[in-house]
Amino acid sequence: MQITSEYLERAIEQLSKLPGTGRKSAQRIAIHLLKQNSDYALSLAQAIVDLKEKVTRCSVCGNVSDSDPCKICDNPKRDPSAICVVEEFNDVYIIEKSNEFRGRYHVLGGVISPMDNIGPDKLRIQELLKRVGEDDQINEVILALNPDAEGEATSYYINKLLKQYDVQVTRIAYGIPMGTELEFIDEATLSRAFASRNSF
Amino acid sequence: MRNTHTELLNFRNHVETKIDWAPHLNVITGPNGSGKTSLIDAIHYLCMSRSFVSNTDMYVVNQDESYFMIKGHFEGQIRSEFDVSCTYSRGDGKKIFVNDSPLEKLSDLIGMVPVVTLTPDDKKLTLEGPAERRSYIDSFISQISPGYLRDLIEFRRVRKQRNSLLQEYRGPASVLEAYLEPWNVQLVETGSRIVAKRYEVLEKLKDYLEEDYAMISGMDLTTNLEYQTFCTPGSDPKEIEKAYFEELERVQAKEIEREITTVGPHRDEVVFYLDDFELRRFGSQGQHRLFALSLKLAQLHYYSDELDDLPILMLDDVFGDLDLKKTEILLTALQQHKGQIFITSANPVPFKDYVTFDGENNRFYKVENGRVEEVNT
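The notes below deal with the structure included here. Computed from a predicted structure; not experimentally measured.

### Digging into the overall build of chain B
In terms of helices and strands, chain B carries ten helices and 15 strands. Its C-alpha atoms give chain B a radius of gyration of 23 Å, within 12% of the compact-globule value 21 Å for 377 residues. Along the first, second and third principal axes, the C-alpha atoms of chain B reach 75 × 55 × 35 Å. Every one of the 377 residues in chain B was classed for burial, and the buried ones make up 53%.

What follows is the structure, given as structure tokens:
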């Protein structure tokens, strides 16, 4: 095989490093880009550069943001008494879409997982404790981590550390998703749903 | 539950095989290496998502090909009719489909079609180490309790995390203890449920085992089994939790030193007895064989009583090992089982004297070089 364009080859090489993109897809994308006008290529390149240069992390909650503090932490209309603890910034995005929660967030940047060499010291847990300790307005911390082994361990660990502060620690309810029928729910979910039932 | 039709593509030496099965007894004969076991192993794949012969899916693929596919049509009481298919290719791995929709987790398949398998390897159950018995008990209970299987998967995950923590952590012991706590809580919660369920099932199994051993051996030796775990087992998970926490606390220093989880159901043992003698230490070859056979029949009868539908029973090359008298007893017992049965045997002799192969309820098949032919008489 003879390569006639080193540039094309280099683009394919870079694109194939993207998640979920194999060499074939990378080839298709590169050839597609080659056929576009240069405005599009430049704006795509600029978007990628901006992603690295302009997007930062909010020093308060750890969420991705163009400004520091982020728009949520900076918004006086948000409820200052509640913090919702999530694993990653995309969880913030998901909860925000529901428009249900009007408090502020705390992004941990992961969950405890010794297998992947992630201990509590690698997460933004100390920052959370500091926030809760310094801000008297906060009276509820809502844990919204995934109900798997790692999420549970992290919730347990944080709950224990928060005991020294005068805040209520709650967790989101686990149970039956909307729009499904009881017969399709697995036993574990059902027993969780029963355990956390509430009065009508 | 019944498998009415199976299709195999590139599955060991079956390049393309399609068979309709009888609702009751299916006897498959043929020379060694002709592909008898592969036929029932394919059905096993559709019930348990894996082979009962080989540990690696790769070796099951026909050697000239890069993938295999199996399809089966099932009928039964719990779910009236459904299709299960399983594909494997070297690149994509294994996928299971139920009625053409892919299963998210392979473990979701377990229990849909309960199956009991008798093989010459069953001797290992009583002869070899505790791991053999644990894995048998786990597959036994998983087929009748999805919650148990979920707990097993969860427990394994938590234990792996906990072991990683014990191995990787370098720092003060007090911090490690705080780091261990969230894992201990989950280890105890899932582990205690596992112990309680094992206890409950094994207690019930005792009676079945005694009855089936007496039937097969024709002797009045009393069988027994003892479930050994880190505490006196019982059926209440809450009480086990208490003992588990105490035990973890007791061994904590040792676990930190040895960097591994030493207490839990992953160290359990089931000891079998014949007339108060420990079978593993004092049993003869013949006793081991009959005990293992009775254990599997006990499983069959347990399932039949416990479930709303009858399990599928598979006997792979079991008759070669038995004398005429035992063969007769076993065949009589099989006649009493109303569910579907698959038997492979290199030697066709014993069956035709006891069973009528009418092509309706019972069918007789001959396999040669991966080709199957129905030959009822």
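So much for the structure itself; the text now carries on.
### Regarding the overall build of chain A
Each helix and strand counted, chain A has eight helices and six strands in total. Listed N to C, the secondary structure of chain A is α-α-α-β-β-α-β-α-β-α-β-α-β-α in terms of helices and strands. Dimensions of chain A along its principal axes, counting C-alpha atoms only, are 70 × 45 × 35 Å. Within chain A, the proportion of its 200 residues that are buried is 32%. Across chain A, every contact between residues at least 6 apart in sequence was considered, and the portion connecting residues at least 24 apart equals 48%. Approximately 13,600 Å² of chain A is accessible, and the part contributed by carbon and sulfur atoms is 53%. Looking at chain A, you have 24 positive and 30 negative side-chain charges, and the mean spots of the two groups are 4 Å apart.

### A few points about the sheet that holds strand S11 (residues 277-278) of chain B
Residue and element names in this part refer to chain B. Pairing in this open sheet of three strands is antiparallel, and the strands run S9-S10-S11 from one edge to the other. Looking along the sheet, the strands with just one partner apiece sit at the ends: strand S9 (223-228) and S11. Relative to S11, strand S10 (residues 269-274) is paired through two bridges, and the arrangement is antiparallel. Along S11, the bridge assignment pairs Leu274 with Phe277.

### What about the packing of aromatic side chains?
Tallied over the entire structure, the rule returns 19 aromatic pairs over all chains. Residues Phe101 of chain A and Tyr105 of chain A carry aromatic rings whose centres are separated by 5.3 Å and whose planes lie at 65° to one another, so their mutual orientation is edge-to-face. Since its relative accessible area comes to 13%, Phe101 of chain A is described here as buried. Under the relative-accessibility criterion, Tyr105 of chain A is labelled buried at 1%. Plain terms: the ring middles of Phe140 of chain B and Tyr303 of chain B are 5.3 Å apart, the flat faces sit at 80° to each other, and that makes the pair edge-to-face. Of this pair, Phe140 of chain B sits in helix H3 (residues 130-142) while Tyr303 of chain B sits in helix H8 (residues 285-306), and the two are 163 residues apart along the sequence. Grouping residues by exposure puts Phe140 of chain B and Tyr303 of chain B together as buried. Within the aromatic cluster, the residues linked to one another by ring pairs are Tyr136, Phe140, Tyr208, Tyr302 and Tyr303 of chain B.

### Quick look at the pairing of strand S4 (residues 104-107) of chain A
What you see with S4 of chain A is no split at all: Arg104 and His106 of chain A on one side and Tyr105 and Val107 of chain A on the other are buried throughout. Considered for its hand, the β-α-β crossover made up of strand S3 (residues 82-86) of chain A, helix H5 (residues 89-98) of chain A and S4 of chain A is right-handed.

### A look at the interface of chain A and chain B
In many analyses, interface size is given as the accessible surface area lost on bringing the parts together. Each partner contributes to the interface: chain A provides 17 residues, whereas chain B provides 17 residues. For the pair chain A and chain B, the two sides together bury roughly 1,500 Å², of which 59% comes from carbon and sulfur. Across the pair Glu181 of chain B and Lys160 of chain A runs a salt bridge whose closest N-O atoms are separated by 2.8 Å. Sorting the residues of the side of chain A that touches chain B by element identifies helix H7 (149-162) and helix H8 (187-195) of chain A as the ones contributing at least two each. Of the residues forming the side of chain A that touches chain B, the biggest block, seven residues, is contributed by H7 of chain A. Considering only residue class, the side of chain A that touches chain B consists of nine nonpolar, one polar and seven charged.

### Quick word on the pattern of salt bridges
Residues and elements named next belong to chain B. Summed over the entire model, instances satisfying the criterion amount to 29 salt bridges over all chains. Between Asp121 and Lys124 there is a salt bridge, and its shortest N-O distance comes to 3.9 Å. Accessibility expressed as a relative area gives 31% for Lys124, which makes it partly exposed.

### What about the sheet that holds S4 of chain A?
Residue and element names in this part refer to chain A. A sheet is described by the order of its strands in space; here four strands give the open sequence S4-S3-S5-S6, paired in parallel fashion. Of all strands in the sheet, those bounded by a partner on one side alone are S4 and strand S6 (168-171). Direction aside, neighbouring strands of the sheet carry axes that sit 25° apart on average. The pairing of S3 with S4 spans four bridges and is parallel. The residue bridging Cys84 from the neighbouring strand is Tyr105, located in S4. This element, H5, spans S3 and S4 of the sheet and lies at about 155° to S4. Lying over the sheet, H7 contacts S3, strand S5 (140-143) and S6, oriented at roughly 170° with respect to S6.

Cut-offs applied
Residues numbered from 1 in each chain as written. Chains lettered and ligands numbered in written order. Predicted model: local features only at pLDDT ≥ 70, side-chain atom pairs only at ≥ 80, totals over all residues. Heavy atoms only, no water. Helix = DSSP H or I, 4+ residues; strand = E, 2+ residues; numbered from the N terminus. Rg over C-alpha atoms; globule rule 2.2 N^0.38 Å. Buried < 20%, exposed > 50% of the residue type's maximum accessible area, 1.4 Å probe, protein only. Contact = heavy atoms within 4.5 Å. Areas by Shrake-Rupley, 256 points an atom, 1.4 Å probe, with all protein chains shown as cover. Lys, Arg positive; Asp, Glu negative; His and termini not counted. Charge placed at Lys NZ, Arg CZ, Asp CG, Glu CD. Pairing = 2+ DSSP bridges. Phe/Tyr/Trp six-rings, centres within 6.5 Å; stacked < 30°, edge-to-face > 60°. Right-handed = clockwise from strand over helix to strand, strands pointing away. Buried area = accessible area lost by both parts, 1.4 Å probe. Salt bridge = Lys/Arg side-chain N within 4 Å of Asp/Glu carboxyl O. Nonpolar A, V, L, I, M, F, W, Y, C, P; charged D, E, K, R; others polar. Axes fitted to C-alpha atoms, helices over the stretch in contact; angles between N-to-C directions.

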